[in-house]
Amino acid sequence: VLKLLHTADWHLGRRFPTFPEEGQKKLSRARMDVVARILEVARRNAVHAILCAGDIFDEPNPQEDFWQGLVKILRNHSSTQAPLFLVPGNHDPLTSDSVWAPNHPFRAQLPGWVHVVDRDDFTYELSPSAVLYARPCRSKAGESDLAMALPARQPGDERLRIGCVHGNTFDIEGYQTNFPIARDAGVARGLDYLAIGDTHSFRDVTSNLPVPTVYPGAPEPATFDDNNAGHVAVVAMFRRGLRPRVDAERVAFWRWRDVRCRDMNDLRDLLSTADLDRCVLRLRFDMAVSLAENSAVGKILRDLRGTEAAHGRAGILVEDRSGLRLRAGTAADFSQNLPPVLKDTVDRLDLLIASAPLEAEKEKARRALSHLFEMLATREATGGGA
Amino acid sequence: MQLLRLQINNFAAIGQAEIEFGPGLNVLHGPNDLGKSTLAEAIRMALLLPHGSSHSQPYVAWSGGDPVVELTFASEPQQIWRVRKHFGKKGSSRLHFSKNGRDFEEAEQARGVDGKLREILRWGIPEPGGAGAAKGLPESFLATVLLSTQENVSGILDGTLQGDLAGSGKERIAAALQAIAQDPLFLELLRKTQEKRDAAYTEKGAPKTATGSPFREASDRVKEAREEKERWQQIVGDSEGTERRLRELTAGREPRQEKLAAAVAHHASLDLLARQTADRLLALDQVRTAENEVERIRRLISDVEAGNAKLAEMAVHSQNSDAAVESAKQHHAQALARLAQAQDAARVERADPAFHNTQLLLSKNEAGQALQKVEQNIHAILEAKKLAGDAAQKESEFRAEERSAADAAKTLAKAKAQEKEAGDQLVHCELLKKILDFQIAARQVKAAQDEVARRTQLETRLKAASREQDRLIAQRSAIIVPPDRSLNAMRRLAQDLGSARGALNVGFVATVVPQRSIEFTLRGDGGDITSFTTAQPRELAANASLELTIPGVVSVRVQGGSHEAQAEVAALESRWELEVEPHLKTAGVTSLEALDAKIEEARQLDASIKHQENEVRSLQQQISPLADAPQKLRSATEFADALEHTLGNVDFAALGAEVATLEPGPAAKLARNQQELSAQAQEARSKTTRADQDLAIGKERTRLLRASLDSANSSRDLALEPFPQGIDAALHAANAQRDTLRGQLDGITTTLASLEKQLAERSQQHETAQREAQREVGQAAATLDSAQKQRESAIARRALEEGGLKELTKQRDVADLGSAEDKLRRAKDQYERLPVPGRVVTEEEVKAAKSEVVRLQLEIDSLDKEIHRAQGALEQVGGAVARERLSEAEETLLQATRREQEIETDSEAWKLLLEQMKEADTAQASNLGLALGPAIADGFTKLTRERYQNVKLDAQLQTEGVVLAGAVRETSRLSLGTRDQLSTIFRLSLAEYLRVAVVLDDQLVQSDDARMQWFQNLLYEKAKLFQIIVLTCRPGDYLPSTSSIPANSPIHFDFKDHPVRAIDLGRALQRH
């Protein structure tokens, strides 16, 4: 049995500008950390080769930290390691000034068991009875089908033939330039397994064909839309003609959760979610709350988010409070012992909420009321007394 | 507000007074009627009354002269005002301002003084002359409270802010009370809210946009995100443009490809039909040829068989003829015998003439037979000649066909040569097009190189210009000169100074006449010091100044000019030092001329910097469009290299030169050439095909004609075999022989006729007998002759038939009917197998179809080149990666925008909260009674030892009453002393809140000792916070100790342990 570990779309160096700064760091670091886990899965499964089907880096010229980081991880896993094949993808195409260029220091520092697919006729004999064909992307966009460009099986060739390219199998209008791959390319080129990369979800796109054409997906999800991401494919190839077995193995650290709270219970339930600290949580609201509840929401969000002094309960939190509305008539939430001037202030804001012609004005008044409530609550909580 | 100094002249009973106030409690004491209340009035008038008001009339000095009051006061620290009013119709007002109390400058004068004062005081008094302004001394609640006279207690307790003509008094009180009367919780929240608001907004309420402000931070993020989004939008736009172009090209190629396929199919079908037609024609020709051959052979066989049958029949006929001849001969012999008998009988009668006649007849017979043979011979000769003619005709046809085939071969060779030539020219043309493309690419490379070089040159110039600009700016920044316009003022000052100094330069001579020998030093006009020791008179001359010093005794300084002139010089020199010297020093020059030069230098530098800025901007504008020049160069070079690689090792120079000679334009010319050459090549190919077909047909015809010729030759040779001497000679001989024989026959016939005539003449007698015999002989002879003729004819026919048959047999023997039939069958089979064309196709149709194919192929080739270029361009764009980035950038922008809106709403909410808190606070504080009441009540309660629990003030500070045993009692029901005390507490409380001086004129005179003591303590305490001026005739009620004032103390005496100043009015003012 020939065993392979098939992965792709590491996107080392990817930025996450929509996240808070700390979250950006965590997500960026996770992309590097997962590489070690992938190598560990490879070692545990005693695979004969590791195929990385493109987009190893998020761009052709990543910052030095990223390629140095990768070199360091690879060098730390040099013992008893199967050959690793790195295929340039459309995010990190092979160009003369890319990280894949022969004169780039990255290449010089790679251990000997790491092979960069830097030729169009790349061929590697994994064993006398198995051969790997691969072809790199040379630009960020292209019309050519790299899988169909792999050599066809010659008569009398009985070896297991594995292809590895980057591109997509979706024939979507307007996306033909993203290195399209024909779904029957594996069959057409006489391959036994076609390892591809591009989309971030694990998927066997040819389950009804004898030759598996598999997206392993990104080992760490990168967006909330990356469903079924976070895996590598472990492939067992038995003999020619018998469909290889492909298993997804999870390697991701982060789980991405998109949560919409419709009442306070939803929000409170969230706190009891297991492994919350390993969640990238996007929290949206569709609820109206009283001032007191609004204050409680703020407190829960602080708990989830963390402060400078304490870690948040959620690994990474993205908040969208646009759907969180203050209920009308919330002025009753204030203490009756307020000084007259503050009572007057509350009454004035309450009147504005009731009488302002524009919703924006009402919202401003509600927010002002909330600020006042929050100040009083904080003062009370810190022992100031109202 | 604090009063500092009061000077009075000619004010009612006071001739002159000068008082310096202390900061705390000022006790101005003096006996009754000294003028204390007049002083208080003087203060009120200085602050409030316009100098021309008739209200000042009562204060005209008793001794005459207009009253003059000068009051100095501080409205704030370092805000010191000095108001001087000369009351009366010809009076005046002047207001001066100073920060240090020494150096004053005029701030206002005349009518402007009172307006300014009221603005400073904010006591609720409108500007003078305004609508509703009252005549006389203006009044307001605060003016009453702070400066009221001793009899105006009711004015205080009954007064209200309601009556003020201007709102400034109430505003001032409200602001003061607001600051001190707020709830601590409210204050804390207000402070926090204010901080939040101030973090986002300026004092005027505009959003802060400086670095570090939340708005700036958010808008920076939005701007950054928007720029990032726009950048990716641009890239995606380019990318999609390229992709669209490629899609359009690919889409455009498909219909053309379909058209081409259709055209190729159409051409192929036409070509096939044409070939089918040609093939069937050829096959049909072959069938016909084979049919002819078979028919010929069959005819031969049939002819031979018929010939043999005819010959056999002729043999029978010959035998019959022979028998007939024999029978006829017998009959003839018998008849002859009978005739002979008759003739013998006649001969006997006429000699033997019958002998000659018989011989002649025999001769005639023989000659006739010989003639018949000769004619048969001639017939055979003519037949042979005909066969020879046929053979010659066949050979002629063969030769003609052979020539035709040769011509077709030549045509084919020529067409092939033309086709090859056209093909070669097409290849050459294609090469030239590539060369042209390469030249264009090379020109683009050159242009791109030029652009890069220009950019480099411009950047170098830009750097140099920037360096020069920096240098100039550094040079300019080192020069600090005043504005150009100030130089004129300096020049005027220098001129004034020169003129003023000139006024000092009067020139004088001093004569020193020592009484004894004495040492003295002299210095004239500030020159060198000269020492003398002499007893002689000495004359000293100087222009402006002279200094004479007798050491240890005296120094005499003599200066020219009047005192005013000297003062003017000193003032101008002082101005020079203040206004000019600093500029000279800063500029590092010593004279105005040098400063002027410096300013000029600075102006020139400014101009140079401006020029340099324009230069830099111009260079940047020039560089901007060249930003992508390296990219263009790289693309152009790669494209040119790719073309060069495609061209391989060709002679670029020669081909380039050839391209250059193409007129009118290489591209158009090449396209036209290519089109023409394609048409030529197509035509040549058509010709070749046609010639090829012609040649094949010609060869086949030649081969068939050859066979026919061979057959004809064979027949001819067989026919000529019997005539070795030649056919013409044989014919000639035969004709001669026939002519001879015909001559002989004619002679014999003539002889016979003559003989017969003779016989007739001589044998008339025997004619009857003989006639019968003759008739019989004749009949027999005729029969014999007929039989013989028939036999001869049969023999001749048989011979002829035999000859023909022999020839036919020969021909039949050489002919192979089976082979011919086989060939015919094959030809027919082949013909049958050939498909029947659907329709007849003309050559023009095929040609037109071929041209369409070529045209479409050219179009597709051109399109393929475009597609290839677009594919190359596609590799340079962002593709899906750019779309992903754009999507991220849009998300980032959305978040940043949302964040910005969130910050804006949040900040607006803080701002709104602050506004509402302040409004609430103001609303609360505007009820001044509530704010001020507790402080007054507190003092009053303590004073009355809690007899009264509270003092009720309304919102406008009108005293509603005091609370006694839970009930509110009107103040009018209080005793005069208590009302006085209450009003004093009221005044002190308000003055404290406002931090202003308060004047108490003979207050508390009806207070008992205990309350007086209580007040004294209160005044000492409050005097630490604000200024209190007490005018009293009982200093003991206010001063800590009157005995501690030394007898020889100055007018003002400050106590050490208390903030109290005692002012002895008895000495401070002089009455008339």
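Just so you know, these numbers come straight off a predicted model, no measurement behind them.

Scoring rules and cut-offs
Residues numbered from 1 in each chain as written. Chains lettered and ligands numbered in written order. Predicted model: local features only at pLDDT ≥ 70, side-chain atom pairs only at ≥ 80, totals over all residues. Heavy atoms only, no water. Helix = DSSP H or I, 4+ residues; strand = E, 2+ residues; numbered from the N terminus. Contact = heavy atoms within 4.5 Å. Areas by Shrake-Rupley, 256 points an atom, 1.4 Å probe, with all protein chains shown as cover. Salt bridge = Lys/Arg side-chain N within 4 Å of Asp/Glu carboxyl O. Patch = residues over 30% accessible without salt bridge, like charges linked within 9 Å, V, L, I, M, F, W, Y side chains within 5 Å. Buried < 20%, exposed > 50% of the residue type's maximum accessible area, 1.4 Å probe, protein only. Core = buried A, V, L, I, M, F, W, Y, C linked by side-chain atoms within 4.5 Å. Pairing = 2+ DSSP bridges. Axes fitted to C-alpha atoms, helices over the stretch in contact; angles between N-to-C directions.

**Q** How should I be thinking about the overall build of chain B in this particular structure?
**A** The number of helices and strands found in chain B is 23 helices and 21 strands. Taking all contacts inside chain B whose residues are at least 6 apart in sequence as the whole, residues at least 24 apart take part in 72%. Put simply, chain B shows about 57,300 Å² of open surface, and 50% of that area lies on carbon and sulfur atoms.

**Q** Just to check I follow, could you spell out the interface of chain B and chain A for this structure?
**A** By a widely used convention, the size of an interface equals the accessible area lost when the partners come together. Taken together, the contact between chain B and chain A spans 42 residues of the former and 40 residues of the latter. Our count for the contact surface shared by chain B and chain A stands at eight salt bridges. A salt bridge links Arg885 of chain B to Asp58 of chain A; the nearest nitrogen and oxygen atoms lie 2.6 Å apart. Looking at the side of chain B that touches chain A, the elements that each hand over two or more residues are α6 (184-200), α7 (214-350), α18 (843-874) and α19 (879-925) of chain B. No other element matches the 26 residues that α19 of chain B contributes to the side of chain B that touches chain A.

**Q** Just to check I follow, could you spell out a nonpolar patch on the surface for this structure?
**A** Residue and element names in this part refer to chain B. Side chains of Val553, Val554, Val556 and Val558 sit close together on the surface and give an oily, nonpolar patch of about 290 Å² of accessible area. The residue Val554 is located in strand β13 (residues 554-559) in this model. Looking at Val554, the relative accessible area reads 35%, which means it is partly exposed.

**Q** Quick question: what am I supposed to make of the environment of Met490 of chain B here?
**A** Residue and element names in this part refer to chain B. Structurally, Met490 can be placed in helix α9 (residues 484-504). Take Met490: its relative accessible area is 4%, and that puts it in the buried class. In sequence terms Met490 and Glu579 are 89 residues apart; their C-alpha atoms lie 7.7 Å from each other. Beyond its immediate stretch of four places on either side in the chain, Met490 contacts Pro482, Trp576, Glu579, Val580, His583, Leu592 and Leu595.

**Q** It is not clear to me how the environment of Phe1026 of chain B should be interpreted in this structure. Could you clarify?
**A** Residues and elements named next belong to chain B. Counting through the fold element by element, Phe1026 comes out in the loop between α22 (1009-1023) and β18 (1028-1032). What makes Phe1026 buried here is its relative accessible area of 4%. For the pair formed by Phe1026 and Val998, sequence separation is 28 residues and the distance between their alpha carbons is 8.4 Å. Among all residues touching Phe1026, those that are not within four sequence positions of it are Pro23, Gly24, Leu988, Ala991, Glu992, Arg995, Val996 and Val998.

**Q** How should I be thinking about the nonpolar core in this particular structure?
**A** Nonpolar side chains tend toward joint burial in soluble globular proteins. Counting residues in each nonpolar core, the largest one holds 90 residues, and the members touching the most others are Leu39, Leu47, Phe73, Trp123, Ile1028 and Leu1065 of chain B. Among residues more than four places away in sequence, those in contact with Leu47 of chain B are Met1, Leu71, Phe73, Lys85, Leu117, Leu121, Trp123 and Leu147 of chain B. Membership of the second largest hydrophobic core comes to 48 residues, among which are Phe285, Ala314, Leu338 and Ala368 of chain A.

**Q** Sorry if this is basic, but what is going on with the pattern of salt bridges here?
**A** For side chains bearing opposite charge, pairing can occur when the charged atoms are close. Under the definition given, this model contains 87 salt bridges over all chains. Lys865 of chain B is the partner of Glu430 of chain B in a salt bridge, and the nearest nitrogen-oxygen pair spans 3.7 Å. Here the residue Glu430 of chain B occupies a position in helix α8 (residues 353-477), and Lys865 of chain B occupies one in helix α18, the gap between them amounting to 435 residues. Ionic contacts of the salt-bridge type, sharing partners, join the residues Glu359, Glu363, Arg366 and Arg367 of chain A together with Glu902 and Asp906 of chain B into one network.

**Q** Is there a simple way to think about the sheet that holds strand β7 (residues 105-109) of chain B in this case?
**A** Within a sheet, neighbouring strands are paired by backbone hydrogen bonds and run either parallel or antiparallel to one another. All names here are of chain B. Here we have seven strands laid out as an open sheet, ordered β7-β6-β5-β4-β1-β2-β21, and antiparallel in their pairing. Edge positions in the open sheet fall to β7 and β21 (1069-1071), since each of these has one partner strand only. Ignoring strand direction, the axes of neighbouring strands in this sheet form an average angle of 15°. As paired elements, strand β2 (residues 14-20) and β21 share three bridges and run antiparallel to each other. Counted as the bridge partner of Gln16 is Gln1070 from β21. The sheet contacts of helix α1 (residues 36-48) involve β1 (2-11), β2, β4 (68-76), β5 (79-86) and β21, and relative to β1 the element is tilted by about 105°. Against the sheet, helix α2 (residues 112-121) touches β4, β5, β6 (92-98) and β7, its axis set at about 140° to β5.

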